[in-house]
Protein chains: 2
Amino acid sequence: MVIQLKINYPISKRKSNDKIINFGNRGMSLESDLNDTNTYYLEKDIAVIYKKPTPIGIVKTSGVKIIEAYFKQPSTTDYNGLYQGNYIDFEAKETASKTSFSLENIHKHQLKHMEKVINHGGIAFIIVRFTKLEKTFLLFYQDLLEYIESNKKKSISINYFMEKGYLLKYHLNPKIDYIEIVNKYGGLK
Amino acid sequence: MVIQLKINYPISKRKSNDKIINFGNRGMSLESDLNDTNTYYLEKDIAVIYKKPTPIGIVKTSGVKIIEAYFKQPSTTDYNGLYQGNYIDFEAKETASKTSFSLENIHKHQLKHMEKVINHGGIAFIIVRFTKLEKTFLLFYQDLLEYIESNKKKSISINYFMEKGYLLKYHLNPKIDYIEIVNKYGGLK
């Protein structure tokens, strides 16, 4: 069953052709979609962007086998790379909420990292999927920061994503064409 | 079979206070020196460069503990980041040889990755330490490629590093100031 929700868009001038396209992506995780997208970008020679491996602290090994290890908290965001000479950096998260995205999903050191990226001339953003709404947004770090600084709230309302973020339509290939948005609105050099 | 798990795992509270402080250079690995250097760059707000976590394929977990896992071959180079709006990408290797660096140390897909970085407007290089000579060189990818294309040899003579590479002097802080070389000879935008 695919649920298509009709949402009232407060500000959506640039989203007039905002059709819901759904190729039956239920069960596909955002991470999986982004990996497919990045593979597509690589193969088509559009961009060179990878997900970083999950940091793991190894305690004990036995030959080639790791027998005791723990997940560590990442120091940076999950994805980075290169597009047309521009350094790209982003974090991707899913939420089951239909109304807001909890800021607890983004660690403080990740925000600080994105801040540094911006200050050093890179492009930083978050990609957030509202799984139950089947909607995925890109929100540039500058707009994320503006929200955090001007609100004392612990979560970002979906309205803010609709207002300041960019809806990433679901395609067959590339699945989530975030580079299209970076290209148009990322402030490329 | 290696199963790729999603990242939504509880982060263990283990503190990795296994930082070895060593005031003599002996026994310090290139990786450790580069990590210290990158920390220095971060703290002084010079550059934002990190070592990527080692990719690990997880087979079995027990609670927060990973009880079976294996090292995987990296798809890219070990280090990447951002310096003055420029995307930086490199691989670092040590050799015990006093005369040459075996090209077997750099995987074909890593060379291909560096090629892509160059083509997309980034800066790519290798850093090689001849441990017994206590000499560390930076060799830009373009010069590495020129060597590979014009030689059928399976290793690069130290003479080539001295001729086309840049000797990285050892400092107290930053330990290996490779950004100085990138700044002068990297062809920054």
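Structure first, text after, so check above.
Each chain has its residues counted from 1, following the order in which its sequence is written. For this description, chains carry letters from A and ligands carry numbers from 1, given in the order in which they are written. Thresholds applied to this predicted model are a pLDDT of at least 70 for local features of residues and 80 or more for the giving and counting of side-chain atom pairs; totals over whole chains, interfaces and linings are not thresholded and use all residues. Side-chain measures were taken over the full set of non-hydrogen atoms in the model, leaving aside hydrogen atoms and water.

## Considering the overall build of chain A
Here comes step 1: Counting from the N terminus, the helices are the DSSP runs of H or I reaching at least four residues and the strands are the DSSP runs of E reaching at least two. Within chain A, the regular secondary structure consists of five helices and ten strands.
Here comes step 2: Counting only residues that meet the buried cut, chain A has 51% of its 189 residues in that class.
Here comes step 3: Considering only residue pairs separated by 6 or more positions, chain A has 67% of its internal contacts joining residues 24 or more positions apart.
Here comes step 4: Note on areas: Shrake-Rupley, 1.4 Å probe, and residue coverage restricted to the protein chains presented here. Carbon together with sulfur atoms contributes 49% to the accessible area of chain A, which is approximately 9,200 Å² in total. Categorising residues by exposure relies on relative accessible area from a 1.4 Å probe, with only protein chains included: less than 20% of the type maximum marks a residue as buried, more than 50% marks it as exposed, and the intermediate range marks it as partly exposed. Two residues form a contact once any of their heavy atoms are found within 4.5 Å.

## Let's talk about helix H2 (residues 108–119) of chain B
Here comes step 1: Helix length check: H2(B), at twelve residues, gives a terminal C-alpha distance of 17 Å against a target of 16 Å (1.5 Å per residue), a fit within 8%.
Here comes step 2: When we look at burial in H2(B), the residues that qualify are B:Gln110, B:Leu111, B:His113, B:Met114, B:Lys116 and B:Val117.
Here comes step 3: For H2(B), the elements touching its buried residues are helix H1 (30–43), strand E1 (48–51) and strand E4 (79–83) of chain A together with strand E5 (86–95), strand E7 (123–130) and helix H3 (141–150) of chain B.
Here comes step 4: Positioned one or two residues after H2(B), B:Gly121 has a phi angle of 90 degrees, which is positive. The span expected for a helix works out to 1.5 Å for each residue beyond the first.

## Concerning the packing of helix H2 (residues 108–119) of chain A against helix H3 (residues 141–150) of chain A
Residue and element names in this part refer to chain A.
Here comes step 1: Fitting a line to C-alpha atoms yields each axis, with helices limited to the stretch in contact; the angle taken between N-to-C directions then spans 0 to 180 degrees. Viewed as axis vectors pointing N to C, H2 and H3 meet at an angle of 130 degrees, and their least axial separation amounts to 10 Å. The orientation of H2 with respect to H3, classified from their angle, is oblique. In terms of crossing hand, the pair formed by H2 and H3 is left-handed. Taking contact as the criterion, the partners of Leu111, Met114, Glu115 and Ile118 in H2 are, on H3, Tyr141, Gln142, Leu144, Leu145 and Ile148. Here is the rule for angles: anything less than 35 degrees is roughly parallel, anything more than 145 is roughly antiparallel, 65 through 115 is roughly perpendicular, and the remaining ranges are oblique. Note on convention: near helix rotated counterclockwise from far helix by under a right angle means a left-handed crossing. Clockwise means right-handed.

## Quick word on the sheet that holds strand E5 (residues 86–95) of chain A
Here comes step 1: Pairing between strands is defined by DSSP: at least two bridges between the two strands are required. Sheet architecture is open: six strands sit in the order E1-E4-E5-E7-E8-E10 (chain A), paired in mixed fashion. Pairing within the sheet leaves two strands with one partner each, and these edge strands are E1 and strand E10 (166–167) of chain A.

## Re the environment of B:Lys60
All names here are of chain B.
Here comes step 1: In this structure, Lys60 sits in strand E2 (residues 56–62).
Here comes step 2: For the pair Lys60 and Asp45, spaced 15 residues apart in sequence, the C-alpha to C-alpha distance is 40 Å.
Here comes step 3: Ignoring any residue separated from it by four or fewer positions in sequence, one finds Lys60 in contact with Ile66, Ile67 and Glu68.

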